[in-house]
Amino acid sequence: MNVLRSVGLFVLAAIAEIGGAWLIWQGWREHRGLWWIAGGVIALGAYGFVATFQPDPNFGRILAAYGGVFVAGSLAWGMLVDKFRPDRWDLIGAAICLVGVVVIMYAPRSS
């Protein structure tokens, strides 16, 4: 159950962080205005709290593993929202990152 909770929190963190950064991008680079930027700042703030709910108590481990989720999530966001089409190297790189997440977070450790 802890693994499912952890994975769900990683997904929620990715939505908050990537979505927040995307909103800021839209507000500034696409000239959509300050409300988009404000929404992005709020989403990024929410991301900061999500990691605190991870069952593992080690900040460094959580953020290191989340880096891999961020890489894969960013490509997925680009595909779904911006119609970006990753090439095979993007997909291979994302897969490598996700393997890293599994090793960092869920490998058996001695107590």
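Residues numbered from 1 in each chain as written. Predicted model: local features only at pLDDT ≥ 70, side-chain atom pairs only at ≥ 80, totals over all residues. Heavy atoms only, no water.

Some thoughts on the overall build of the chain
Regarding its fold elements, the chain presents four helices and zero strands. Secondary structure elements of the chain occur, N-terminal to C-terminal, as α-α-α-α. Dimensions along the principal axes, computed over C-alpha positions, put the chain at roughly 50 × 35 × 20 Å. Looking at the chain residue by residue over its 111 residues, the buried ones come to 30%. Contacts in the chain between residues far apart in sequence, at least 24 positions, make up 64% of those at least 6 positions apart. For the chain, the exposed surface amounts to about 7,400 Å²; the carbon and sulfur share of it is 73%. Counting 8 positive and 6 negative side-chain charges, the chain places the averaged centre of each group 4 Å from the other. (Helix = DSSP H or I, 4+ residues; strand = E, 2+ residues; numbered from the N terminus. Buried < 20%, exposed > 50% of the residue type's maximum accessible area, 1.4 Å probe, protein only. Contact = heavy atoms within 4.5 Å. Areas by Shrake-Rupley, 256 points an atom, 1.4 Å probe, with all protein chains shown as cover. Lys, Arg positive; Asp, Glu negative; His and termini not counted. Charge placed at Lys NZ, Arg CZ, Asp CG, Glu CD.)

A few points about the UniProt feature "transmembrane region" (unreviewed entry) in the chain
As recorded in UniProt, the sites labelled "transmembrane region" (unreviewed entry) are residues 6–25, 34–53, 59–77 and 89–107. Counting secondary structure, residues 6–25 comes out at 100% helix and 0% strand; the distance between its end C-alpha atoms is 28 Å. A distance of 25 Å separates the end C-alpha atoms of residues 59–77, which is 100% helix and 0% strand. (UniProt positions renumbered as here; feature names shortened; annotations may be inferred.)

A short note on the packing of aromatic side chains
Under the counting rule described, the total for this entry stands at five aromatic pairs. Aromatic pair Phe10 and Tyr66: ring centres 6.4 Å apart, planes at 20°, arrangement stacked. Placement of the pair is Phe10 in helix α1 (residues 2–28) and Tyr66 in helix α3 (residues 59–81), with a sequence separation of 56 residues. This pair shows no difference in class: Phe10 is buried, exactly as Tyr66 is. Judged by centre distance (5.3 Å) and plane angle (40°), the ring pair of Tyr47 and Tyr66 falls under tilted. Of the two residues, Tyr47 is situated in helix α2 (residues 34–50) and Tyr66 in helix α3; the sequence distance between them amounts to 19 residues. Across this residue pair, the class does not change: Tyr47 and Tyr66 are buried. (Phe/Tyr/Trp six-rings, centres within 6.5 Å; stacked < 30°, edge-to-face > 60°.)

A few points about the nonpolar core
Membership of the largest hydrophobic core comes to 14 residues, with the highest contact counts inside it found for Phe10, Tyr66, Val69, Val101 and Met105. In terms of residue count, the dominant contributor to this core is α1 (six residues). Those residues in contact with Val69 that lie beyond four places of it in its chain are Phe10, Ala14, Leu98 and Val101. (Core = buried A, V, L, I, M, F, W, Y, C linked by side-chain atoms within 4.5 Å.)

Thoughts on unusual backbone geometry
Even without being glycine, His31 reaches a positive phi, approximately 60°. By secondary structure assignment, the location of His31 is in the loop between α1 and α2.

Section: the packing of α1 against α3
Two numbers describe a pair of packed helices, the interaxial angle and the distance between the axes. The N-to-C vectors of α1 and α3 enclose an angle of 60°; their axes lie 9 Å apart at closest approach. Relative to α3, the element α1 is oriented oblique. Viewed along their axes, α1 and α3 form a crossing whose handedness is right-handed. Contacts between α1 and α3 involve Phe10, Ala13, Ala14, Ile15, Glu17, Ile18, Gly19 and Trp22 from the former and Ile62, Ala65, Tyr66, Val69, Phe70, Gly73, Ser74, Trp77 and Val81 from the latter. (Axes fitted to C-alpha atoms, helices over the stretch in contact; angles between N-to-C directions. Parallel < 35°, antiparallel > 145°, perpendicular 65-115°, else oblique. Left-handed = near helix turned anticlockwise from the far one by under 90°.)

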